[in-house]
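Observations on the model geometry
The chain contents come next:
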Amino acid sequence: MLQRNRVFKKFLLSAAGLGVFATLAACNQPQTTSEVAPAPDTTQAPTTEAPTTTQAPQTTTTDGTVAEVISDNDSFSILEEAIGEAGLESTLAQAGPYTIFAPTDEAFRALPPETLEALRQPENRDKLQQILSYHVVPNSLTSADITPGEVETVAGAPVNIATDAGQVTVGGATVTEPDIQASNGVVHGIDQVLLPPDLQL
């Protein structure tokens, strides 16, 4: 009888141990849920594009004045010096507009050397001013604007302009470098120095 009780106790202890083990095992099992994770929201929020700003048209840099255009052109180095000696830089820097029929260096060198030298002397400054003013028209005349006939110059005497098959001549001189644009007018290079009709050299 005592032996049977001992066996029965062992059986109970074994069953209890199995129960505890089963409980612990159940606790250690990863929990599974039947809930389905919500699908990620693929609907993107509407993107707001940055407003396109219309840029103002770029303004092109204006050219220099007619005096600066002459100064920057290697063809007119003698004319540039003559303008300085005549004291006309400030005049040609004004608003204008002006059309300058600008003798090239070759045109000045075609003058008798003694004449050019005499004109550059301080005592002949008035004559130099008169000659240079005879090359200036108080208006802006491009090649497209030029019509044959006389135009008044800043010197007070008119000069005759002619056209032939697109070739422009002024006072008998040929325009060799037309339509050099400036902020206050236009420059045309010519191949002769123009002399006012009433000039006394």
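An unreviewed UniProt entry lists the protein chain under the name Fasciclin domain-containing protein, from Leptolyngbya sp. NK1-12.

1. Quick notes on helix H7 (residues 125-133)
Where H7 is concerned, the buried positions are Leu128, Ile131, Leu132 and Ser133. Residues of H7 that are buried in the fold lie against helix H3 (77-86), helix H6 (113-119) and strand S2 (136-137).

2. What to know about H3
Listed in full, the buried residues belonging to H3 are Ile78, Leu79, Ala82, Ile83 and Ala86. With its buried residues spanning 140° around the axis, H3 presents them on a single face. At its buried positions, H3 is contacted by helix H2 (66-72), helix H4 (89-92), strand S1 (98-103), helix H5 (105-109) and H7. Following H3 by one or two positions, Gly87 adopts a phi angle in the positive range, close to 70°.

3. Describing the confidence of the model for the protein chain
Residues of the protein chain with pLDDT of at least 70 account for 68%, and the chain-wide mean is 76. No element of the protein chain has a lower mean pLDDT than helix H1 (residues 2-28), which averages 41, and none a higher one than S1, which averages 96. Across residues 1-37 the pLDDT falls below 50, and counting only partners more than four positions away or on other chains, this stretch makes 0 contacts in the model. Confidence drops under a pLDDT of 50 for residues 45-62, and excluding neighbours within four residues, the segment shows 1 contact in the predicted structure.

4. Here we look at the sheet that holds strand S4 (residues 158-164)
Spatially, 7 strands are ordered S2-S1-S7-S6-S5-S4-S3 in an open sheet, and the strand pairing comes out mixed. Edge strands, defined here as strands with exactly one partner in the open sheet, are S2 and strand S3 (149-152). Here S4 runs beside strand S5 (residues 167-170); their pairing, made up of 4 bridges, is antiparallel. Looking at the pairing, Ala162 lines up with Thr169 of S5.

5. Things to note about unusual backbone geometry
Going from Gly96 to Pro97, the amide bond is cis rather than trans, its omega being 5°. Its place among the elements puts Pro97 in the loop between H4 and S1. Here the phi dihedral of Ala165 falls at roughly 55°; this positive angle occurs in a residue that is not glycine. We note that Asp179 has phi near 55°; this positive angle belongs to a residue other than glycine. Tracing the backbone shows Asp179 in strand S6 (residues 173-182). Overall, the relative accessible area of 31% leaves Asp179 in the partly exposed class.

6. Observations concerning the pattern of salt bridges
One pass over the full model with this rule turns up 2 salt bridges. In this structure, Glu81 engages Arg120 in a salt bridge whose closest nitrogen and oxygen atoms are separated by 2.5 Å. Taken together, the residues span a long stretch of sequence, with Glu81 in helix H3 and Arg120 in the loop between H6 and H7 at a distance of 39 residues. Judged by relative accessible area, Glu81 falls into the partly exposed class, the value being 41%. According to the relative accessible area criterion, Arg120 is partly exposed, its value standing at 26%. Put simply, Arg120 and Glu85 hold a salt bridge, and the shortest N to O gap is 3.1 Å. Here Arg120 is found in the loop between H6 and H7, whereas its partner Glu85 is found in helix H3, with 35 residues between them in sequence.

Here is what the cut-offs are and how they apply
- Residues numbered from 1 in each chain as written.
- Predicted model: local features only at pLDDT ≥ 70, side-chain atom pairs only at ≥ 80, totals over all residues.
- Heavy atoms only, no water.
- Buried < 20%, exposed > 50% of the residue type's maximum accessible area, 1.4 Å probe, protein only.
- Helix = DSSP H or I, 4+ residues; strand = E, 2+ residues; numbered from the N terminus.
- Contact = heavy atoms within 4.5 Å.
- Arc of directions from axis to C-beta.
- pLDDT = per-residue confidence, 0-100.
- Pairing = 2+ DSSP bridges.
- Salt bridge = Lys/Arg side-chain N within 4 Å of Asp/Glu carboxyl O.

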